[in-house]
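Close look at the chain arrangement
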Amino acid sequence: MQYITRENDRLVVPDHPVIPFIEGDGIGKEITSHVQAIVDNAVAKAYGGTRKLEWKEVLAGEKSFNKIGSWLPDETMETFRHCLVGIKGPLTTPVGEGIRSLNVALRQELDLYVCLRPVRWFKGVSTPLLHPEKVHVTIFRENTEDIYAGIEWAAGTPELKKVLKFLEEEMGVGKIRFPETTSLGVKPVSVEGTERLVRAAIEYALKHRLPSVTLVHKGNIMKFTEGGFKKWGYALAEREFPNQTFTEHVFNKIKIEQGLEQAVEAYNQAVESGKVFIKDVIADAFLQNTLLKPEEYAVIATLNLNGDYISDQLAAMVGGIGIAPGANINYNTGHAIFEATHGTAPDIAGKDKANPCSLLLSAVMMLEYIGWQEAGELITYALETLFENGYATSDLARFMESGKPLSTSGFSRKVIESL
């Protein structure tokens, strides 16, 4: 077997790399097999049979629990660690016991600190916007900190009483209005976590020649966590990318010291020289702005919870999470898991109705990540062609002007024919 390795800060990808995959629960069983068939055909067409992915199934979720009694076996985690790059379908998370979230567990265990969500519109897909073509945004969502770190205490428990006593007696906190019935959570946000996320976002913008990186935060209220994210993000940009970026922080400093005209001139010079503009915006204002002027945003760097909201809103603006891909990446180690961004949809499981495009576009991201862009481009072009001509699964086709609804298997065959 041939494995992807990492040498000198870059992936070394053999011609027949082993790619571990989690089939997923619910509709996962249907969409995963079809996505693999499409990817295999695209790879064969792009490289004339010289390259091929060697798929290796690993267990997680309901299928895993039913087979071996474990929601997330150690063997699965070890396979992802060894193979570096993998893909997963949607997973059922146990209710009331066990792991809080299988997706969060995978991200935390492999320290996949970037949740990468590129959002774009495909011509032909119906959306609530008048000009969805203006939406072309890549989200860098911090994946390991914030409230998703899972530090919570339930109301009325002995553990919570200890925390409350410490806060009240040792820290002088008197703002908890109903302490007897309050649950508490801690929101960790670190310098290191912020810097590695913002660094990855800036490097992505530079690599793809994108004009800006926007730090989205709620620092006006959470001054030391989200406010720290903003402050540390700017500091990182100015320290590590002084010749490649121009920050709003520097713009404002020039405006105060030299006047608005000089600040605007400095900004224009920076843009003309190809520098990336680093700016920030409050999260609630950002959600409004993306509807009113989405063209102003190219790359977004934000915290975990904000990123959750932002990802879904932007996906809805271009047609929904059915065509929204995602990846969880550690750019330092090379580990990456690409995933469907939607749930298991048990109501349509087994009915040949599921939309495979979220997982398929995530597979395109995976192909790009390992340097097989040509195969990914074939798939993207096929989707562009089909959507423009009204071919889609029913969830998308029913809203298209000349929609031609297809089953999961029918649509997948159509993609392969269009490669």
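As a reminder, the structure under discussion sits directly above these lines.
Moving on to the layout of surface pockets. One number sums up the size of the largest pocket: a volume of about 1200 Å³. Secondary-structure elements contributing two or more residues to the lining of the largest pocket are strand E2 (10-12), strand E6 (114-120), strand E7 (136-142), helix H6 (191-207), strand E14 (325-329), helix H12 (357-369) and helix H13 (373-388). Per-element accounting of the lining of the largest pocket gives the leading share, six residues, to H6. The residue makeup of the lining of the largest pocket, split by class, is 24 nonpolar, eight polar and ten charged.

Looking now at a nonpolar patch on the surface. A cluster of nonpolar side chains, namely Phe 166, Met 171 and Val 173, defines an oily patch on the protein surface of about 280 Å² accessible area. Exposure remark for Met 171: the relative accessible area of 53% places this residue in the exposed category.

The next subject is the sheet that holds E7. One open sheet accounts for eleven strands, arranged E4-E3-E5-E15-E14-E6-E7-E13-E10-E12-E11; its pairing is mixed. Only two strands of the sheet have a single neighbouring strand rather than two, namely strand E4 (54-57) and strand E11 (245-247). Strand-to-strand, the axes of this sheet are offset by a mean angle of 25°, without reference to chain direction. Note that strand E10 (residues 212-217) and strand E12 (residues 276-282) share six bridges and pair parallel. Looking at E12, one finds that His 217 is bridged to Ile 282. Against the sheet, helix H8 (residues 248-258) touches E11 and E12, its axis set at about 55° to E11. Against the sheet, H12 contacts strand E3 (18-22), E4, strand E5 (85-88), E6, E14 and strand E15 (336-340), and its axis sits at roughly 160° relative to E15.

Before going further, it helps to examine the environment of Val 281. Summarising the element assignment, Val 281 is placed in strand E12. Under the relative-accessibility criterion, Val 281 is labelled buried at 12%. Other than its neighbours up to four places away in sequence, Val 281 contacts Thr 214, Leu 215, Val 216, His 217, Phe 286, Asn 289 and Tyr 297.

It is worth spelling out the packing of aromatic side chains at this point. Using the criterion set out here, one finds twelve aromatic pairs in the structure. Taken together, a centroid distance of 6.5 Å and an interplanar angle of 25° make the contact between Phe 140 and Tyr 331 stacked. With a gap of 191 residues between them, Phe 140 in strand E7 and Tyr 331 in the loop between E14 and E15 connect regions that are remote in the sequence. Judged by its relative accessible area of 27%, Tyr 331 is partly exposed.

Calculation rules
Residues numbered from 1 in each chain as written. Predicted model: local features only at pLDDT ≥ 70, side-chain atom pairs only at ≥ 80, totals over all residues. Heavy atoms only, no water. 1 Å grid on protein atoms, 1.4 Å probe; cavity = no way out; pocket = protein on both sides within 12 Å on 5 of 7 lines; lining within 4 Å. Points joined across faces, edges and corners; volume = space filled by probe spheres on them. Helix = DSSP H or I, 4+ residues; strand = E, 2+ residues; numbered from the N terminus. Nonpolar A, V, L, I, M, F, W, Y, C, P; charged D, E, K, R; others polar. Patch = residues over 30% accessible without salt bridge, like charges linked within 9 Å, V, L, I, M, F, W, Y side chains within 5 Å. Areas by Shrake-Rupley, 256 points an atom, 1.4 Å probe, with all protein chains shown as cover. Salt bridge = Lys/Arg side-chain N within 4 Å of Asp/Glu carboxyl O. Buried < 20%, exposed > 50% of the residue type's maximum accessible area, 1.4 Å probe, protein only. Pairing = 2+ DSSP bridges. Axes fitted to C-alpha atoms, helices over the stretch in contact; angles between N-to-C directions. Contact = heavy atoms within 4.5 Å. Phe/Tyr/Trp six-rings, centres within 6.5 Å; stacked < 30°, edge-to-face > 60°.

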